[in-house]
Amino acid sequence: MTDSTRPTALEARWGPTSAWNVGTQLRRQAVERPRAPYVAVGDAPALAFAEVAAEAERTAGRFWSLGLRAGDRVLFFLPTCGEAVHGWLGAKLLGLVDIPLNDAFRGESLAHAVNLSGARVIVLSRALAPELAQVRDRITGDLAVVVAEDLDELPVATDWEPAAPAHSDLSTVLLTSGTTGPAKGVMMTNAQTHAIARECAEGLRMGAEDVFYCFHPLFHMAGRFGALYAALITGARVCLDVGFAPERWIDRIRACGATVTIAHGPMIEMVHATERRPDDATTALRAVLAAPLPAAIGADFEERFGVVALETWGMTEVTACCWRPYDAPLRLGAAGRPLDELVEITVVDPVTDEPLPAGQVGEITVRPRHPWLLMQGYLGMPEETVRAWRNLRFHSGDAGFLDDDGWLHFVDRLGDRIRRKAENISSYDIEVAAGSHPGVTEAAAVGVPVTPSDDEIKLVVATRGSFDPEALFRHLVAELPHHMVPRYVERLDALPRTPTNKVRKRELRERGVTSGTWDYKAAGLSIRTLRGSTDHTGQRPTAAAKGSTA
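Residue positions are counted from 1 within each chain, in the order its sequence is given. Where local features are concerned, this predicted model is filtered to residues with pLDDT of at least 70; where side-chain atom pairs are given and counted, the filter is 80 or more; whole-chain, interface and lining totals use all residues. By convention in this description, side-chain values take in all heavy atoms of the structure and omit both hydrogens and water.

Draft legend 1. Molecular detail of the side chain of Asp 455. Along the chain, Asp 455 turns up in strand β23 (residues 454–463). No salt bridge is formed by the buried Asp 455. Its closest oppositely charged neighbour is Arg 509, at 7.9 Å. By definition in these notes, contact holds between two residues if any of their heavy atoms fall within 4.5 Å. Residues in contact with Asp 455, not counting those within four places in the same chain, are Ile 418, Arg 419, Arg 420, Gly 447, Val 448, Pro 449 and Val 450. Numbering goes from the N terminus for both helices and strands, where a helix is a DSSP run of H or I of at least four residues and a strand is a run of E of at least two. Working definition: with a 1.4 Å probe on protein chains only, accessible area under 20% of the residue-type maximum means buried, over 50% means exposed, and in between means partly exposed. For the charge count, each Lys or Arg is scored as positive and each Asp or Glu as negative, with His and the chain ends excluded. We define a salt bridge as a side-chain nitrogen of Lys or Arg found within 4 Å of a carboxyl oxygen belonging to Asp or Glu.

Pasting the structure below:
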């Protein structure tokens, strides 16, 4: 409860704030449903709530023997495995601040994350120990290294003290995926992590009878809070997979009897691109949390797999704070309605921060309606924190708009928008057009600066079989307005991605124009000649287009 004798509206809905933490929820399920299955990792059998709680308590005793106390920070550098689950839960019973690291970190990214954390202990897998050894001379401060496979050799203290954390206490630091610069540590309270779990449980209508299939890693909020924590609240079972293989997705869904799951847009596209089967819809799966649901395939994805695709918008800093209501009709291209009882979402002019009217694209900003629900800042980066929270709103860096019905539409990352010939161009539209060309499996459009205020467009693709850049260019001329047709095309074996399958567009922009980049101007082609005297929409070219050299 709050200091008031009357619970707030949120406490009436979610229970007292004293229960808004992982440890309390784990212990509750261990008492109420001790033999019910909680989590299965990979192909291992599921462990019951009581079994997982007992292992977490032993882990808490081992951490206590290392001198860790409530509020101390502990790093986890592990793949998806049982030790990662038990380590996280043991840390929560003890009131530690857990900081899971991306197990793909290497070199400077690993050293940066460790130094940023300020932790005294790191738990890592034996296979990853050499990666830490490689950067040990770059790590400042003392760091005790514990190999996860040897954790059970540590003494288990019997006098350890269970934590009673406040909802306002720091709980977790998640590292951003680093698509726009060095990874930032998002400082998350117990209230914030609880909110993410509640949003997913309520949005997916999870209950104790549900099975959540999750292939997201545990350093991502989807796996840690959207799946495992939501299951602690609802009593559901989690099938935690150790990787993502689109061709095996439906088989894994069927094998574990999943009723709900989660996938980001690129993963949904990969699953949709697999060969169709007559039994695609004959599973227990009823709902997919989609972030986002690609508009070009959304309706077909729902029909093919017999599911409700619940598009959301959110990010680590602000939770999953916008959802398509479960019973609402599909609105392609709309990310759902803001959870108005939790947050206020406002679209603002990215230069002036003034709110914009419905239908006008600007930057999506968020502020909480209750204390402690959003991130408390970026660990060790006060300037980044102030920049993100300017004018008392969290600035997401995402471009979008609210329609007349209050639904949010995500357009692009602000950094991914391309400025060409005085036109703001969404990379998404170019990528959709490229993806409709036979043989293109992945596409990313970026701006290549030619002047301080103007870009040329470069399209980077991965393809099946042989690749003819001129054929792709001719296809784009037919599909896109003149000003959106890329000048440059480059083929890679695969697009560089983060572990959560987001394209590293900064890396593609920094590549610029290479010796392997195809240039339609250098090839002697002309968009106007190919198109004739009208543009793709049948309208005469604009004055700006007439004056260009394209």
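Draft legend 2. Local environment of the layout of surface pockets. For each structure, a 1 Å grid was placed over the protein atoms alone; sets of points admitting a 1.4 Å probe that cannot get out are labelled cavities, open sets with protein on both sides within 12 Å along at least five of seven lines are labelled pockets, and lining residues have an atom within 4 Å of a point. Grid points are joined across faces, edges and corners, and a volume is the space filled by probe spheres set on the points. Put simply, the second largest pocket is a space of about 330 Å³. In terms of lining residues, the second largest pocket is bounded by 22 residues, among which Thr 80, Asp 103, Pro 217, Leu 218 and Phe 219 are the most central.

Draft legend 3. Looking closely at the state of the cysteines. The definition used for a disulfide is geometric: two cysteine sulfur atoms within 2.5 Å. In total, this model carries 0 disulfides according to the counting rule given. Looking at the unpaired Cys 239, the closest cysteine sulfur is the one in Cys 256, lying at 3.3 Å. For Cys 322, which is in no disulfide, the shortest distance to another cysteine sulfur is to Cys 321 and amounts to 6.6 Å. For Cys 322, a relative accessible area of 0% corresponds to the buried category.

Draft legend 4. Expanded view of the sheet that holds strand β15 (residues 337–338). One open sheet accounts for 9 strands, arranged β2-β1-β10-β9-β11-β12-β13-β14-β15; its pairing is mixed. One side of each edge strand has no neighbouring strand; the edge strands of this open sheet are β2 (47–48) and β15. The pairing criterion is simple: DSSP has to find at least two bridges between the two strands. Examined bridge by bridge, strand β9 (residues 211–214) and strand β10 (residues 237–240) share 4 bridges and lie parallel to one another. In the strand pairing of β10, Phe 212 is matched with Val 238. Every axis in this analysis is a line fitted to C-alpha atoms, fitted for helices over the stretch in contact. Angles between the N-to-C directions lie between 0 and 180 degrees. The sheet strands contacting helix α8 (residues 221–234) are β1 (37–41), β9, β10, β11 (260–264), β13 (308–315) and β14 (319–323), and the helix crosses β9 at an angle near 165°.

Draft legend 5. Seen up close, the packing of helix α7 (residues 190–203) against α8. The contact between α7 and α8 brings their axes to 8 Å, and the two run at 75°. Taken as axis vectors, α7 and α8 run roughly perpendicular relative to one another. Across from Thr 193, His 194, Ile 196, Ala 197, Arg 198, Cys 200 and Ala 201 in α7, the residues of α8 making contact are Met 221, Phe 225, Gly 226, Tyr 229, Ala 230, Ile 233 and Thr 234. When the residues that make up the contact of α7 with α8 are grouped by side-chain class, the tally is 9 nonpolar, 4 polar and 1 charged. An angle below 35 degrees is read as roughly parallel, one above 145 as roughly antiparallel, one from 65 to 115 as roughly perpendicular, and any other as oblique. Side-chain classes follow a simple rule in which Ala, Val, Leu, Ile, Met, Phe, Trp, Tyr, Cys and Pro form the nonpolar group, Asp, Glu, Lys and Arg form the charged group, and the remainder, Gly included, forms the polar group.

Draft legend 6. Here's a closer look at the side chain of Asp 98. Note on placement: Asp 98 falls in strand β4 (residues 97–100). At a separation of 2.8 Å, a polar atom in the side chain of Asp 98 contacts the side chain of Thr 172. Any N or O atom pair separated by 3.5 Å or less is treated as a polar contact, with the protein-specific requirement of one donor-capable and one acceptor-capable atom, and with residues adjacent in sequence counted only for side-chain atom pairs.

Draft legend 7. Structural detail: the sheet that holds strand β18 (residues 394–402). Read across the open sheet, the 4 strands follow the order β16-β17-β18-β19; overall the sheet is antiparallel. For this open sheet the edge positions go to β16 (343–348) and β19 (408–413), each flanked by a neighbour on one side alone. Each strand of the sheet is rotated relative to its neighbour by a mean of 45°, with strand direction disregarded. Pairing analysis gives 5 bridges linking β18 to β19, with the strands arranged antiparallel. Counterpart to Asp 398 in the pairing with β19 is Arg 413.

Draft legend 8. Summary view of the nonpolar core. Counting 117 residues, the largest nonpolar core has Leu 89, Leu 101 and Trp 313 as its most contacted members. Ranked by residue count, the leading element in this core is α8, at 10 residues. To define a nonpolar core, start from buried Ala, Val, Leu, Ile, Met, Phe, Trp, Tyr and Cys residues and group those joined through side-chain atoms within 4.5 Å. Membership of the second largest hydrophobic core comes to 23 residues, among which are Ala 434, Leu 480, Val 485 and Leu 525.

Draft legend 9. Looking closely at a negative patch on the surface. The patches reported here contain residues having more than 30% relative accessible area and no salt bridge. Joining distances are 9 Å for like charges and 5 Å for nonpolar side chains (Val, Leu, Ile, Met, Phe, Trp, Tyr). The Shrake-Rupley method, run with a 1.4 Å probe sphere, supplies the accessible areas, and residue values consider only the shown protein chains as cover. In this description, the location of a charge corresponds to atom NZ of lysine, CZ of arginine, CG of aspartate or CD of glutamate. Judged by side-chain charge, Glu 83, Glu 149, Asp 152 and Glu 153 come together as a negatively charged surface patch. When you line up the elements, Glu 83 lands in helix α4 (residues 82–94). For Glu 83, a relative accessible area of 36% puts it in the partly exposed group.

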